[in-house]
Amino acid sequence: THTHKHTMRYFDCNSLTHTPSRADGIDAEREARYRQDCIHFIKAIASEMELTPTTYFTAMAIFHRFFTLFSFKELSRYNFAAASVVVAGKIEEQPKKLSKLLPVVHNHKLLARKLKPKKMSPQEFRDLQSKVLNCERTLLQALQFDLHYPNPLDALINFARKVTVPGCELCPNEVVQTAVNLVNDSYLIPLCLQYAPNKIAVALLDFAAHRHKMKLVWKAGVDGGELRKAWFMHALPIEQLQEQKADGHEEDEHKREREQRKNDNKEKRRSTSEEKDPYKFIIDINMRMEQLLQSRKQRRRVGKGSVPSSPMISTPTPTTDDGMSPHPSKSPKVASTLTSRHVM
């Protein structure tokens, strides 16, 4: 069945390193902390409001994308995080009434400041409502109403049904659950802006298997064809990767034009590297995730504050082909709209 193809706009590593926040003097560590604090903020709101993973993944992608275009310096990151939840709820057809949502946002903003939650006054509600709605409008304008934010979860579950480990009929549940938790954790960094969902799914399923000291193999007979050496060559054939590469990283066109000459040689080296190993993205994503997990351990170790754990996502048990479950185990010019209305 032919479906409409929507090309997601991805950023390259250079764009995600040289952000407006960095230009405003916010160092890499502080920008990463701001992002992670707000992703935990979104997760906390989502948990209390009983939002689906798809909805809060969309909210996180919207938040990351906005603050790749704009600086954290003079904007209320928590108000924009709340607005991201509002927009995501509408996109994913799970809208929440502001009368229910804003008191939850209010309390979690207080908790973020290490203050005790309290009931909102009518004036506080009106003020927060005005700020969040202004942020919502600014988000939509800044993102040019680009509201397509696929997540890796469906692809991961699909791949998990088609792989296993030697001696088992299904991919072990602990590997699948670890991979799902890794998808959840991956939104702490803007990985979703750099890689397609199916690439993230493959890389994190591979990472999860390694953490359990297991080797995945493609199930014989699945999708037909001769078995290749590595399972991910079946999950993402080279032809499919080449098609995705043709879509390219669609950064802001004006920025690309300004930096084209500067980056020509760098892009040539990168293209050569990708041609030699089209699956290098697996190593790159796994390295990023390993760095993330190590940094979280470090934060706990040095006592810089507790790091909330990711909410558990219940995952469907991988099944056999008959459905049975056996039991073996540019950036848009909207700067004029960014005013004190958006400040916390």
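Coordinates for the structure precede this section.
Presented here is a report on the structure given in the accompanying data block.

Here is what the cut-offs are and how they apply
- Residues numbered from 1 in each chain as written.
- Predicted model: local features only at pLDDT ≥ 70, side-chain atom pairs only at ≥ 80, totals over all residues.
- Heavy atoms only, no water.
- Helix = DSSP H or I, 4+ residues; strand = E, 2+ residues; numbered from the N terminus.
- Buried < 20%, exposed > 50% of the residue type's maximum accessible area, 1.4 Å probe, protein only.
- Areas by Shrake-Rupley, 256 points an atom, 1.4 Å probe, with all protein chains shown as cover.
- Core = buried A, V, L, I, M, F, W, Y, C linked by side-chain atoms within 4.5 Å.
- Contact = heavy atoms within 4.5 Å.
- Salt bridge = Lys/Arg side-chain N within 4 Å of Asp/Glu carboxyl O.
- Expected span 1.5 Å × (residues − 1).

The next thing to look at is the overall build of the chain. Check the secondary structure of the chain and you find 14 helices and 2 strands. Burial status across the chain gives 48% buried among its 344 residues. Per element, the accessible surface of the chain, about 18,300 Å² overall, is 51% carbon and sulfur.

A few words now on the nonpolar core. By size, the foremost hydrophobic cluster in this structure holds 94 residues, and its most contacted members are Ile42, Trp231, Ile285 and Met289. Top element by residues in this core is helix H4 (residues 53-69). It accounts for 10 residues. In this structure Ile285 touches Leu191, Tyr195, Lys199, Ile200, Ala203 and Leu204, once residues within four positions along its chain are discounted.

All chains considered together, the criterion is met by 5 salt bridges. A salt bridge links Arg22 to Glu31; the shortest N-O distance between them is 3.2 Å. Classification of Arg22 by relative accessible area gives partly exposed; the value is 28%. Overall, Glu31 belongs to the buried group, its relative accessible area being 2%. Here the residues in one salt-bridge network are Arg22, Glu31 and Arg35, joined through shared partners.

Bringing helix H6 (residues 98-112) into the picture now. Counting along an α-helix, one turn takes 3.6 residues, and residues three or four places apart therefore face a common direction. Compared with an ideal rise of 1.5 Å per residue, which puts 15 residues at 21 Å, H6 spans 20 Å between its outermost C-alpha atoms and is within 8% of the ideal. Along H6, the residues that are buried comprise Leu98, Leu101, Leu102, Val104, Val105, His106, His108, Lys109 and Leu110. For H6, the elements touching its buried residues are helix H3 (28-49), helix H5 (77-91) and helix H7 (122-142).

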